[in-house]
Amino acid sequence: MTLDLPTVWFILTAAVFTIYFFLDGFDFGVGMLQPFLARNEAQRRALISTVGPFWAANEVWVILAASAIFAAFPLWYGALLSGLYPLFTLILLAMIGRGVAFEYRAEVDHVRWRTFWDVTAFITNVLPAFLWGVIMANLVRGLPLGVDAHLQGNPLVAFDVFSVLGGLATLSLFVLHGATFLLLRLDTGSVLYARARRAALSWGAVATVLVLSFVVMGFVRVNLFKTLGFAEWLFPAAAAVNLGLIWLALTLRRDGLAFTATALTIVFSTATIFVSLFPNVLPSTLNAQYTLTVQGSASEPYTLRLLSWVGVVFLPLIIAYQAWSYYVFRQRIRDQDEAIPGGAND
Amino acid sequence: MNEIFGLSTLDLSRFQFATTSIFHYFFVAFTVGFSLIIAVLQTLAHRSGDPKLENLTRFFGHLFFINFAVGVVTGIVQEFQFGMNWQSFSNFVGNIFGVPLALEVLMAFFLESTFLGLWWFGKGRLPAWASLASIWIVAVGTTISAFWIIIANAWMQHPVGYTLKNGRAIMTDAWAVVTNPKGLEWFAHLWTGSLTVAAFFVLAVSAYHLRRRHNVSAFTISFKVALVAALVGSVGVTAAGHVQGQSAVRDQPMKYAAFSALWNTPEGSTMPESLVALPSNAERDNRFEISVPYLGSFLAFNNLHEKARGLNQLQAEYTARYGPGNYIPYVWPVYWAFRVMVGLGGVMLLVSLYYMWRWRMGRLDRPGRLYPLLLVMPLAPHLANFSGWIATEMGRQPWVVQGLLRTADAVSALSPLTVLLSLVAFWLVYLTLIGLDVFLLTRTARAGMHDPDVETPSVPAPVYLPEGAAP
């Protein structure tokens, strides 16, 4: 493997996806957990407040992933997005609903209004959490691509047992990630914190089973790791170790360690996907000659060099100020009723 | 199989792109101008230390926030649809077109969303200077965003700094792409146009409260700030539009001829401009027309003797250059959209001038007789933007990249049913969002300002534990 410009951009694209799953993963998780953890309005608000200042900036990482693919691998961009057209349509609709639900819920002080947005928020957090897994599974398994990377056949080809299992794996991983994020953000003495802890324990088990089944099925079905060429067990094993680490951290009540463990599980799982994909970006299930490769779908060196310079300047800057925004809102959150001595908790 | 209800994948994809772009643009234009007005208001509040102004900033900030949420989420659709609906276009232009999009994300989207979060949720948690800096960063971010998207669009209308290789456009000169003269003209037009969107909204909201004698001293200030923005915006948009028209004659003559419904190159020594016409693509002529002599030459060339080429003559030229085909855009929507845009621009200019005169007379504390007009004026810049996009984008058909790639060759190989289903779904969601946005904006705008000590009542601040609190 030589580190030429297309390879560098493939690694960068994988990194941007990883950061996206890491950051928006806990947003999705908090959104999915909200109906189960919160029993009253104050608790719901407290949960939303944990991600309120951050979700919009977290979501931008997926826009960056899309535009990085567009600029650096135009063929891949067109083939992936048009090939999985129904999936991306659903993701986009869900992301619209999710963003609006977060912001509009608080605008009108009426029970029915808020319930409507709570339901919307739940559905629109479940959908992308599931669909991103389906997309990642499709990425490694490939699509029936023909000449000029155009999809041949029914667009519903994206759904099969393998990809649905992939979807369930990401969904459970994001719920778990959201739960461990809440352990960092909530007042440790609160009812919500205790519930988040229980959720982390049970979803830790679910995620372990689903992620490992996906890995096993990937190994059998699509030869997930054969292209690695070195230590093919490394990334999946690291993901598995981290799943174990979550249990340890929860038992020892080490919130930071638990969050780090779920974060690393996401990092290693995403790495497994992209490493096993290399040197392809989208295999064709019809004919190997139609498979899109890193080299074959990349932009010209001039464009890639330009992008690299801009990336070198701006990515560290973005990471710095986004980290700063997390620092500004670093304190743990308590729900309003619990904050007032003798406050009502229905 | 290639059509559904008589509509092809191409028709539906074009309709979907127009829907997404126009819908997204309602919110984008608002965001660009509004963030600047709020930044100015907060600067005034910061310098005077007046809690009333602080409160005014927060009030308009809330309205901004309601809009921004929809702007962000519709922007994601915009980013993805190039690949989803226009696979061949993406392959063809990715090397060039993808770059400004990526730069937009790297330089603007992250800035906007991070610092808006800091500004809105950080009230009382950030020092005053950091809060002020945050809103200015948001304002700068929205402007950078507009710049890159216009550079991308300008390349499609006027390709520069490229060469063709293996059937794809390859970038050879990034500086030429960034300094595309079209891009700079359009950026000026778009930015000043955005200013009018926000300005007339703030004018309407301020007038509503001035009429009811609520917080008169505060709303007079927001009225003045918005009025300056409205004047700068409407003068700027007119001037930039004039320059653009003249460069279109040179670089996109077919589009310019469609703007004017000019079917044949004028025979006389000068060019008239039609005021009203009924263009017909079938007859390749106007069924009816009222023209003003000399006006066309003046608008297009700043003199009284030069002439632009007509659609029919250009069709012959293009056929000779690009092979057989129909190169004439659908003229009547382009022609009328162009006129609606120009007419509304004139109305905006007159209204701004009228209130500037009232300001001079010291009568700004009341909205006066034009009050009902002021209340509907926020629609004018939106409608002008809408018409402007229709005119400029339909006017360059059948090209998606002028002279290089036809729209019909750019589309993804999707079944029309797939596109139709997504189109219906997006329409339903967009209509709901428009309804919600208008509902929340009017509701919040009418409620007016609250006591400075009370946060927007329905959005209570979360309770943060003090640092180092006992677990």
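Residues numbered from 1 in each chain as written. Chains lettered and ligands numbered in written order. Predicted model: local features only at pLDDT ≥ 70, side-chain atom pairs only at ≥ 80, totals over all residues. Heavy atoms only, no water.

For clarity, the threshold we go by: UniProt positions are given in the numbering used here, feature names are shortened, and annotations may be inferred rather than shown by experiment.
The name an unreviewed UniProt entry gives chain B is Cytochrome d ubiquinol oxidase subunit I, with Deinococcus metalli as the organism. Listed under Sequence similarities (unreviewed entry) in UniProt, the entry text for chain B is "Belongs to the cytochrome ubiquinol oxidase subunit 1 family."

Named according to an unreviewed UniProt entry, chain A is Cytochrome c oxidase assembly protein originating from Deinococcus metalli. You can read under Sequence similarities (unreviewed entry) in the UniProt record for chain A the words "Belongs to the cytochrome ubiquinol oxidase subunit 2 family." In its Subcellular location (unreviewed entry) section, the UniProt record describing chain A reads: "Cell membrane".

1. So, the overall build of chain B
Filter applied, for reference: Secondary structure counts use DSSP, requiring at least four H or I residues in a row for a helix and at least two E residues in a row for a strand, with both numbered from the N terminus. For a compact globule the rule gives 2.2 Å times the number of residues to the power 0.38, and the radius of gyration it is set against comes from C-alpha atoms. Whether a residue is buried, partly exposed or exposed follows from its accessible area with a 1.4 Å probe, protein chains only, as a fraction of its type maximum: under 20%, in between, or over 50%, in that order. Whether two residues are in contact is decided by their heavy atoms: any pair within 4.5 Å suffices. Note on areas: Shrake-Rupley, 1.4 Å probe, and residue coverage restricted to the protein chains presented here. For the charge count, each Lys or Arg is scored as positive and each Asp or Glu as negative, with His and the chain ends excluded. Working definition for charges: the position is that of NZ of Lys, CZ of Arg, CG of Asp or CD of Glu.
Assigned secondary structure in chain B consists of 14 helices and nine strands. Computed over its C-alpha atoms, the radius of gyration of chain B comes to 24 Å, within 12% of the 23 Å expected for a compact globule of 471 residues. Overall, the C-alpha framework of chain B stretches about 75 × 60 × 45 Å when taken along its three principal axes. By residue count, 59% of the 471 residues in chain B fall in the buried class. Once local pairs closer than 6 in sequence are excluded, the contacts in chain B between residues at least 24 apart make up 78%. Surface exposure of chain B reaches about 18,600 Å², of which carbon and sulfur atoms provide 66%. Taking the average place of the 30 positive charges on the side chains of chain B and the average place of its 25 negative ones, the gap between the two points comes to 8 Å.

2. Quick look at the packing of aromatic side chains
All names here are of chain B. For clarity, the threshold we go by: Stacked, edge-to-face and tilted are the three classes for Phe, Tyr and Trp ring pairs, Trp counted by its six-membered ring, which pair at centre distances within 6.5 Å; planes under 30 degrees apart are stacked, over 60 edge-to-face, the rest tilted. Look at NZ for Lys and CZ for Arg. If either is within 6 Å of the ring centre and within 35 degrees of the ring normal, a charge sits over the ring.
Throughout the structure, instances matching the rule amount to 68 aromatic pairs over all chains. With a centroid separation of 4.4 Å and an interplanar angle of 15 degrees, the aromatic rings of Phe259 and Phe338 are classed as stacked. Note that Phe259 is positioned in helix H8 (residues 253–260) and Phe338 in helix H11 (residues 331–360), a separation of 79 residues in sequence. Residue class for Phe259 comes out buried when judged on its relative accessible area of 8%. When the ring centre of Trp120 is taken as origin, the NZ or CZ atom of Arg58, which lies over that ring, is 4.2 Å away. Sitting above the plane of the Tyr318 ring, Arg321 keeps its charged end 5.7 Å from the centroid.

3. A word on helix H7 (residues 161–185) of chain A
Residue and element names in this part refer to chain A. Quick reminder of the rule: Take the residue count of a helix, subtract one, and multiply by 1.5 Å to get its expected span. Under the rule applied, a polar contact is a pair of N or O atoms within 3.5 Å (in protein, one hydrogen donor and one hydrogen acceptor; residues adjacent in sequence only if both atoms are side-chain atoms).
With 25 residues, H7 extends 36 Å between its outermost C-alpha atoms, agreeing within 8% with the 36 Å of an ideal straight helix rising 1.5 Å per residue. Where burial is concerned, most of H7 is hidden: 21 out of the 25 residues are buried. You can read the cap of H7 off the contacts: a side-chain oxygen lies 3.2 Å from the backbone nitrogen of Phe162, and it is on Asp160.

4. Remarks on the nonpolar core
Stated formally: For our purposes a nonpolar core is just a set of buried Ala, Val, Leu, Ile, Met, Phe, Trp, Tyr and Cys residues, chained together by side-chain atoms within 4.5 Å.
Ranked by internal contacts, the top residues of the largest apolar core, which has 245 residues, are A:Trp76, A:Tyr104, A:Trp132, A:Phe274, B:Phe34, B:Phe60 and B:Phe89. The contacts of A:Trp76, once residues within four sequence positions are left out, are A:Phe10, A:Thr13, A:Ile69, A:Leu139, A:Phe274, A:Val281, A:Leu282, A:Leu292 and A:Ser297. The next biggest cluster of nonpolar side chains, apart from the first, holds 25 residues, and it includes B:Ala258, B:Phe259, B:Leu314 and B:Ala337.

5. Quick notes on the interface of chain B and chain A
So the rule is basically this: Two parts placed together each lose some accessible area; with a 1.4 Å probe, that loss summed over both constitutes the buried area. Only one rule defines a salt bridge in this text: a Lys or Arg side-chain nitrogen within 4 Å of an Asp or Glu carboxyl oxygen.
The interface of chain B with chain A comprises 79 residues on the first partner and 70 residues on the second. Taking both partners together, chain B and chain A bury about 7,000 Å²; carbon and sulfur atoms supply 73% of that area. Applying the counting criterion to the chain B and chain A interface returns one salt bridge. Note that B:Lys165 and A:Glu300 form a salt bridge whose closest N and O atoms lie 2.8 Å from each other. Summed over the shared surface of chain B and chain A, the result is 20 residue pairs in polar contact (both at pLDDT 80 or more). Those elements that place two or more of their residues in the side of chain B that touches chain A are helix H2 (51–85), helix H3 (87–121), strand S4 (168–171), helix H14 (416–447) and strand S9 (463–464) of chain B.

6. Some details on the pairing of strand S5 (residues 273–280) of chain B
Residue and element names in this part refer to chain B. So the rule is basically this: Whether two strands pair depends on DSSP finding at least two bridges between them.
Examined bridge by bridge, S5 and strand S6 (residues 285–292) share six bridges and lie antiparallel to one another. Following the sheet pairing, Pro279 is matched in S6 by Asn286. Once S5 ends, the chain turns through four residues before running back antiparallel as S6, passing Arg284 with a positive phi of about 55 degrees.

7. Points about the side chain of A:Gln34
Residues and elements named next belong to chain A. If you trace the backbone, Gln34 turns up in helix H1 (residues 5–37). Gln34 gets classed as buried once you look at its relative accessible area, which sits at 7%. Other than its neighbours up to four places away in sequence, Gln34 contacts Arg44, Leu47, Ile48, Arg105 and Asp118.

8. Looking at the environment of A:Ser325
Here A:Ser325 is to be found in helix H12 (residues 301–328). Residue class for A:Ser325 comes out buried when judged on its relative accessible area of 3%. With 272 residues separating them in the primary sequence, A:Ser325 and A:Pro53 have C-alpha atoms 8.2 Å apart. In contact with A:Ser325, other than residues within four places in its own chain, are A:Phe54, B:Thr114 and B:Leu118. Polar side-chain contacts of A:Ser325 include one of 2.9 Å to the backbone oxygen of A:Gln322.

9. Looking at the pattern of salt bridges
Residues and elements named next belong to chain A. A complete count under the given rule lists 18 salt bridges over all chains for this structure. A salt bridge links Arg98 to Glu59; the shortest N-O distance between them is 2.9 Å. Of this pair, Arg98 sits in helix H5 (residues 85–104) while Glu59 sits in helix H3 (residues 55–72); the two residues are 39 residues apart in sequence, bridging distant segments of the chain. The residues Arg98 and Glu59 share a single accessibility class, namely buried. Residue Arg114 pairs with Asp109 through a salt bridge whose shortest N-O separation is 2.7 Å. Exposure remark for Arg114: the relative accessible area of 12% places this residue in the buried category. Judged by relative accessible area, which is 57%, Asp109 ranks as exposed. Here the salt bridges do not stand alone but share partners, grouping Glu41, Arg44, Arg45, Arg105, Asp109, Arg114 and Asp118 into one network.

10. A closer look at a nonpolar patch on the surface
All names here are of chain B. We count it as follows: Nonpolar side chains (Val, Leu, Ile, Met, Phe, Trp, Tyr) are joined into patches within 5 Å and like charges within 9 Å, using only residues with over 30% relative accessible area and no salt bridge.
On the surface, Leu275, Val276, Leu278, Phe288 and Ile290 cluster together into a nonpolar patch covering about 430 Å² of accessible area. Looking at which element gives the most residues to the nonpolar patch, the answer is S5, with three residues. In this structure, Phe288 sits in strand S6. Assessed through its relative accessible area of 41%, Phe288 is described here as partly exposed.

11. A short note on the side chain of B:Arg58
Residue and element names in this part refer to chain B. Along the chain, the position of Arg58 falls in helix H2. On the basis of relative accessible area, Arg58 is assigned to the buried category, the value being 12%. At 2.8 Å, the side chain of Arg58 forms a polar contact with the backbone oxygen of Trp120.

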